[in-house]
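# Structure assessment
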Amino acid sequence: GEIGTGGGRVVSKVISKVVGEFYCFDISKEMLSRARNAIKAVGLEEERSSGINAEYGEHKMMWEERCASLSRKVYFIDKNTNKVSVVQSATFKKFSFVRLFTEIFLPQGYPSSVTPDYIEYQIWDTIQALCSSITGVLSTRAILQGVGVGDETATVSGAVLQWLTRDGTGMIGRIVFTWYEGTELDSNAKTWRLMADILNDIGMFMEMISPIIPSLFLPLACMGTLCKSICGVCGGASRAALTQHFARRDNLADVSAKDNSQETASGLIGMLLGMLVTTILAKEKDASGGLLTWSLFIVFTIFHLFSNYRALRACTLQSINRQRANILLRHYIQNKDKVLSPMSVSKMESILWWEPWNLPIILGAPLHLILQDGGQEDFDRYKKTFQNERFIMDTKEGKILVALHKDANNRDYLRAYLAAQYLRMIILGELPQKKVNKLERAYNFVNEASDFFSGLEKQHWGVDKNMLGPTEERFDFLNKKKKIVLKKKKKKKKK
């Protein structure tokens, strides 16, 4: 838009570059008329230049109201009637397929109701869902062939037993995996989101080859279902974590519902394309082990994984997990107290990441494991070193053990992990060696890095909601005056 004098002259130079709408405000009725003529001179429709009343320049504008990208109104006080009047853009009055699409598939208030990385992520996520639907049709076709569809010698009972065995294996695997890795899904949402789709593709690959090897059909089919079941756990949990990130206005339910609508629509399109592919394969008499079937499966699988990677690479999370904490700490040490933004860290982090095996950090270790080889002297030394902190740490048996106090909060978890990571860097020789005790040096770094923590808040990192994955072990120092009485339960006498 152009505000001020020179309406006609300025409009004539910029109107040819305008893609959407153009608004021209001026205190002069003559300037607005010149602007209108300039717009008509470049061959644009009258409708686009009729949004602003020519008489509008004679009145005083008071305020503007917008409802996301759906409506825009400019209110002013009419000099003649001394009442509030409104001028509304003509574009929003008309029916628009874009507007209808937005209302159906995007959260209310888009784009201001979600984070800036939402739309790029959803575009790639929709593409990967489409590819997955097509490969799913191919794998289902192979499974049906394996259980005996089209085979006159196959029995219904045998097919049912095989199908139930597959489903039972998947259910058991889902329960066991959730029990074993459930707490990790929040901390590394990107990693497990990609792992979910890798496992899904592995599962479909096993289903594809199962009818080719009849003697191993059931074991391969069960392994395929197991991988797809684990994919369901990983994908659902990590998707929930990402949805929570996108919901800028605490509109988690709306964002999640619209995400399901997008996935359903892409799945429907994928199903229709899958039916077309199946018809082509049937006409070509291409069996599950045929060249055309495998070519389509490989191509769509590659697109599926590539789209997943691009979607996750576009996502900029503000929560601090162990990988992002490592990146922030190393950059802070190497670049003279500079704290990276979430977008910068997102470009540097690895999508597939796991905790290093050498000298791992156990956040929330039992205190007795740290004190097991020492006596009162070591106990007093730890209390003196970490007297102002809610954690105690040391290295034991090739691990860095960090015990957390019962009153420790998310900020304490972050301080404890950064101190442990700094200690790890000293031990591995990544930092210059000094005569100062390693534990005291690590503690002093965290204690003196107040600008680091303030920098995290300035860069809008989620300091109070980190994803460092501590255990539930906590310690508390008991008061010496407090008596502790341990009673044994009396056994009931048998009558």
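Not measured: the values here are computed from a predicted model.

On to the overall build of the protein. Broken down by element type, the protein carries 17 helices and ten strands. Going through the 495 residues of the protein one by one, you find that 43% of them count as buried. Taking contacts inside the protein between residues at least 6 apart in sequence as the whole, the part at least 24 apart equals 69%. As displayed, the protein has an accessible area near 28600 Å², and 59% of this comes from carbon and sulfur atoms.

Moving on, we come to the confidence of the model for the protein. Mean pLDDT for the protein: 80, with 79% of residues reaching 70 or above. Looking over the protein, one finds the lowest element-wise mean pLDDT in strand β1 (residues 2-3), namely 46, and the highest in helix α12 (residues 342-348), namely 93. Note on residues 1-5: pLDDT is under 50 here. Beyond four places in sequence and across chains, it has twelve contacts. Every residue in residues 45-57 is under pLDDT 50, and counting partners more than four places away or in other chains gives 29 contacts.

The subject of this paragraph is the sheet that holds strand β9 (residues 399-404). Spatially, β7-β9-β8 is the arrangement adopted by the three strands of the open sheet, whose pairing is mixed. At either margin of the open sheet sits one strand with a lone partner, and together these are β7 (361-363) and β8 (391-396). Recorded for the sheet is a direction-independent mean angle of 15° between the axes of neighbouring strands. Where β8 meets β9, six bridges bridge the pair, whose relative direction is antiparallel. Its bridge partner being in β9, Lys396 is matched across the sheet by Lys399. Together, β7, β8 and β9 form the strand contacts of helix α15 (residues 410-427), whose direction differs from that of β8 by roughly 25°.

Mapping His245 onto the fold places it in helix α8 (residues 217-246). Between the C-alpha atoms of His245 and Val114, which are 131 residues apart in sequence, the distance is 8.6 Å. If we skip the residues at most four places from it in the chain, His245 touches Thr115, Asp117, Cys315, Thr316, Leu317 and Gln318. In terms of polar contacts, His245 uses its side chain to reach the side chain of Asp117, at 2.9 Å.

In a structure, side chains of opposite charge can pair up when their charged atoms sit close to one another. By the definition in use, this model includes 15 salt bridges. Glu457 serves as the salt-bridge partner of Arg411, at 2.6 Å between the closest nitrogen and oxygen. Separated by 46 residues along the polypeptide, Arg411 in helix α15 and Glu457 in helix α17 (residues 450-458) bring together distant segments of the chain. The class of Arg411 is partly exposed, set by a relative accessible area of 33%. By relative accessible area, Glu457 is classed as partly exposed at 40%. A salt bridge links Arg411 to Asp464; the nearest nitrogen and oxygen atoms lie 2.7 Å apart. Here Arg411 is found in helix α15, whereas its partner Asp464 is found in strand β10 (residues 462-467), with 53 residues between them in sequence. The exposure class of Asp464 is partly exposed, given its relative accessible area of 48%.

Glancing now at the nonpolar core. Among the nonpolar cores identified, the biggest contains 51 residues, and Met393, Val402, Phe452 and Leu456 are the most heavily contacted of them. Taken together, the elements giving at least two residues each to this core come down to α11 (322-334), β7, α13 (367-371), β8, β9, α15, α16 (438-448) and α17. Among the elements that take part in this core, α15 stands out by supplying eleven residues, more than any other. Sequence-distant contacts of Val402, defined by excluding residues within four places in its chain, comprise Ile361, Ile362, Leu363, Gly364, Ala365, Phe391, Ile392, Met393, Ala416 and Ala420.

Most of β9 is tucked away: five of the six residues are buried. Remark: two residues form the turn of the hairpin made by β8 and β9, two consecutive strands paired antiparallel; Glu397 in that turn has positive phi of roughly 55°.

It is worth spelling out the packing of aromatic side chains at this point. Taken as a whole and assessed by the stated rule, the structure comprises 14 aromatic pairs. Ring geometry for Phe177 against Trp192: centres 5.6 Å apart, planes inclined by 70°, an arrangement best described as edge-to-face. Placement of the pair is Phe177 in helix α5 (residues 156-181) and Trp192 in helix α7 (residues 189-209), with a sequence separation of 15 residues. The two residues Phe177 and Trp192 agree in class, both being buried. On the numbers, 5.8 Å between centres and 75° between planes, the contact of Phe386 with Tyr443 is edge-to-face.

Glancing now at the packing of α15 against α17. Two numbers describe how α15 lies on α17: the axes approach to 12 Å, and their chain directions differ by 125°. Regarding the angle of α15 to α17, the classification is oblique. Of the two possible hands of crossing, α15 and α17 adopt the one that is right-handed. Residue-level contacts link Arg411, Leu414, Arg415 and Leu418 of α15 to Phe452, Phe453, Leu456 and Glu457 of α17. Class assignment for the residues of the contact of α15 with α17 results in five nonpolar, no polar and three charged.

On the surface, a nonpolar cluster with roughly 400 Å² of combined accessible area is contributed by Ile269, Leu273, Leu276, Ile280 and Leu292. Considering every element that reaches the nonpolar patch, the biggest residue donor is helix α9 (residues 252-283), with four residues.

Basis of the calculations
Residues numbered from 1 in each chain as written. Predicted model: local features only at pLDDT ≥ 70, side-chain atom pairs only at ≥ 80, totals over all residues. Heavy atoms only, no water. Helix = DSSP H or I, 4+ residues; strand = E, 2+ residues; numbered from the N terminus. Buried < 20%, exposed > 50% of the residue type's maximum accessible area, 1.4 Å probe, protein only. Contact = heavy atoms within 4.5 Å. Areas by Shrake-Rupley, 256 points an atom, 1.4 Å probe, with all protein chains shown as cover. pLDDT = per-residue confidence, 0-100. Pairing = 2+ DSSP bridges. Axes fitted to C-alpha atoms, helices over the stretch in contact; angles between N-to-C directions. Polar contact = N/O pair within 3.5 Å; in protein donor to acceptor, adjacent residues only side chain to side chain. Salt bridge = Lys/Arg side-chain N within 4 Å of Asp/Glu carboxyl O. Core = buried A, V, L, I, M, F, W, Y, C linked by side-chain atoms within 4.5 Å. Phe/Tyr/Trp six-rings, centres within 6.5 Å; stacked < 30°, edge-to-face > 60°. Parallel < 35°, antiparallel > 145°, perpendicular 65-115°, else oblique. Left-handed = near helix turned anticlockwise from the far one by under 90°. Nonpolar A, V, L, I, M, F, W, Y, C, P; charged D, E, K, R; others polar. Patch = residues over 30% accessible without salt bridge, like charges linked within 9 Å, V, L, I, M, F, W, Y side chains within 5 Å.

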